[in-house]
Amino acid sequence: MMITTLLFDLDGTLIDTNALIIASFTHTLKKHTKKDYTKEEILPFIGPPLIESLTSIDPSQAEAMMDTYREHNIGEHETYVKAYPTVVDTIKRLHELGYKLAIVTTKMTDTARLGLEITGLTPYFDVIIGLNEVDHAKPHPEPVLKALDALGETPIHALMVGDNSHDIEAGQNAGTKTAGVSWTIKGKDFLASFKPDYMLEELKDLLAILEVDSCDKQNDLK
């Protein structure tokens, strides 16, 4: 079945925010717990909704920690955030070819928009489904299905692309094809264990998967 719709996680997939996320967790946890967390200790917190990760550390301080984290994270976006190699050109090409594109993230929508703006990706995404848009976060299918509904599409024509298990499982639960990215901070083998349909070495691999150089393909989409 031809893929006409592409759904992307944001952090760790299109934009490199890993150092920012680790710095924000390090700052927050030091302030509220007085403990110096290592990178290895922080890695499991990357992917789930922020409040879920912070609640697992200390439920009594979760809300206060979330405020600290977001203040640091938003304030440091321009210092840390950049697009991964081939991302901007690939997304631009897909947009020009008429593919329907959406962001499906566990970030708040406004923060996701900031990352898109900094990396020059804003013009290519009309639909952004953030954590505040849904009742259930990934791996629940709701965010994926809500993005598809906003685009007027169905799972059978869609591909969900992400760097974490939550992204792959959300796509699978919603009935889309799935693609993992080998640059995931949790390791390619970890992501491959969730059996995505494709594994990308760089984002431009999507162009080969979708056979976008085919004149017939381009004509069908436009």
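Everything numeric in this text was worked out from a predicted model, so none of it was measured.

Trainee: For this particular structure, what's the right way to read the side chain of Thr105?
Mentor: Along the chain, the position of Thr105 falls in the loop between strand 4 (100-104) and helix 7 (109-119). Look past the residues within four positions of Thr105 in its chain and what remains in contact with it is Asp9, Leu10, Ala112, Ile129, Gly130, Leu131 and Lys138.

Trainee: What is the right way to read the nonpolar core from this model?
Mentor: What tends to happen in soluble globular proteins is that the nonpolar side chains get buried as a cluster. Ranked by size, the top nonpolar core spans 33 residues in total, and within it Phe8, Leu14, Ile91, Leu94 and Phe125 carry the most contacts. Of all the secondary structure elements, the ones that give two or more residues to this core are strand 1 (5-8), helix 6 (87-96), strand 4, helix 7, strand 6 (158-162), strand 7 (177-181) and helix 11 (205-209). Here Leu94 is in contact with Leu6, Phe8, Tyr99, Leu101, Leu206, Leu207, Leu210 and Val212, once residues within four sequence places are set aside. Counting 15 residues, the second-largest nonpolar core is a separate cluster that includes Tyr37, Ile42, Leu50 and Met65.

Trainee: I tried to follow the packing of aromatic side chains on my own but got confused; where do I start?
Mentor: How two aromatic rings sit relative to each other is given by the distance of their centres and the angle of their planes. Tallied over the entire structure, the rule returns 6 aromatic pairs. An angle of 45° between the planes, with centres 5.8 Å apart, marks the rings of Tyr84 and Trp183 as tilted. Residue Tyr84 is located in the loop between strand 3 (82-83) and helix 6, and its partner Trp183 is located in the loop between strand 7 and helix 10 (188-192); the two are separated by 99 residues in the primary sequence. Here Phe190 and Phe194 contribute two aromatic rings whose centre-to-centre distance is 5.3 Å and whose plane-to-plane angle is 70°, an arrangement assigned as edge-to-face. Its relative accessible area of 31% is what places Phe190 among the partly exposed residues. Cluster of aromatic residues (ring-pair linked, three or more members): Phe25, Tyr37, Phe45 and Tyr69. One cation-aromatic arrangement involves Lys35 over Tyr37; the distance from NZ or CZ to the ring centre is 4.5 Å.

Trainee: What's the story with the pattern of salt bridges in this structure? I'm lost.
Mentor: A pair can form between side chains of opposite charge whenever their charged atoms are brought close. The tally for this structure, following the rule as stated, stands at 8 salt bridges. The closest approach of N and O atoms between Asp36 and Lys30, which form a salt bridge, is 3.4 Å. Overall, Asp36 belongs to the exposed group, its relative accessible area being 55%. Among the ionic pairs, Glu202 bridges to Lys204, the shortest N-O distance being 3.7 Å. The partly exposed category is assigned to Glu202, whose relative accessible area is 28%. Its relative accessible area of 42% is what places Lys204 among the partly exposed residues. Overlapping salt bridges bring together Asp9, Lys138 and Asp167 as one network.

Trainee: Honestly, the pairing of strand 1 in this entry has me stumped. Any pointers?
Mentor: Residues in a regular strand project their side chains so that they alternate between the two faces of the sheet. Here strand 1 shows no split at all, with Thr5 and Leu7 on one side and Leu6 and Phe8 on the other all buried. Bridge count for strand 1 against strand 4 is 4 bridges, and the pairing is parallel. Within the sheet, the bridge partner assigned to Leu7 lies in strand 4 and is Ala102. Where strand 1 meets strand 6, 4 bridges bridge the pair, whose relative direction is parallel.

Trainee: Looking at this structure, how should I read the confidence of the model for the protein?
Mentor: Do not read the fine detail of predicted coordinates wherever pLDDT is low. Summary statistics for the protein give a mean pLDDT of 94 and a share of 95% for residues scoring 70 or more. Note that residues 215-220 has pLDDT below 50 and, in this model, 11 contacts with residues that lie over four places away or in other chains.

Trainee: What is the right way to read helix 7 from this model?
Mentor: Since the α-helix turns once every 3.6 residues, residues separated by three or four places project in the same direction. Those residues of helix 7 lying buried are Thr109, Thr111, Ala112, Gly115, Leu116 and Thr119. Take helix 7 and look down its axis: the buried residues cluster within an arc of 165°, on one side only. In helix 7, the exposed positions angled more than 90 degrees off the buried face are occupied by Asp110 and Glu117. Positive backbone phi, at 80°, marks Gly120, one or two positions downstream of helix 7.

Scoring rules and cut-offs
Residues numbered from 1 in each chain as written. Predicted model: local features only at pLDDT ≥ 70, side-chain atom pairs only at ≥ 80, totals over all residues. Heavy atoms only, no water. Helix = DSSP H or I, 4+ residues; strand = E, 2+ residues; numbered from the N terminus. Contact = heavy atoms within 4.5 Å. Core = buried A, V, L, I, M, F, W, Y, C linked by side-chain atoms within 4.5 Å. Buried < 20%, exposed > 50% of the residue type's maximum accessible area, 1.4 Å probe, protein only. Phe/Tyr/Trp six-rings, centres within 6.5 Å; stacked < 30°, edge-to-face > 60°. Lys NZ or Arg CZ within 6 Å of the ring centre and 35° of its normal. Salt bridge = Lys/Arg side-chain N within 4 Å of Asp/Glu carboxyl O. Pairing = 2+ DSSP bridges. pLDDT = per-residue confidence, 0-100. Arc of directions from axis to C-beta.

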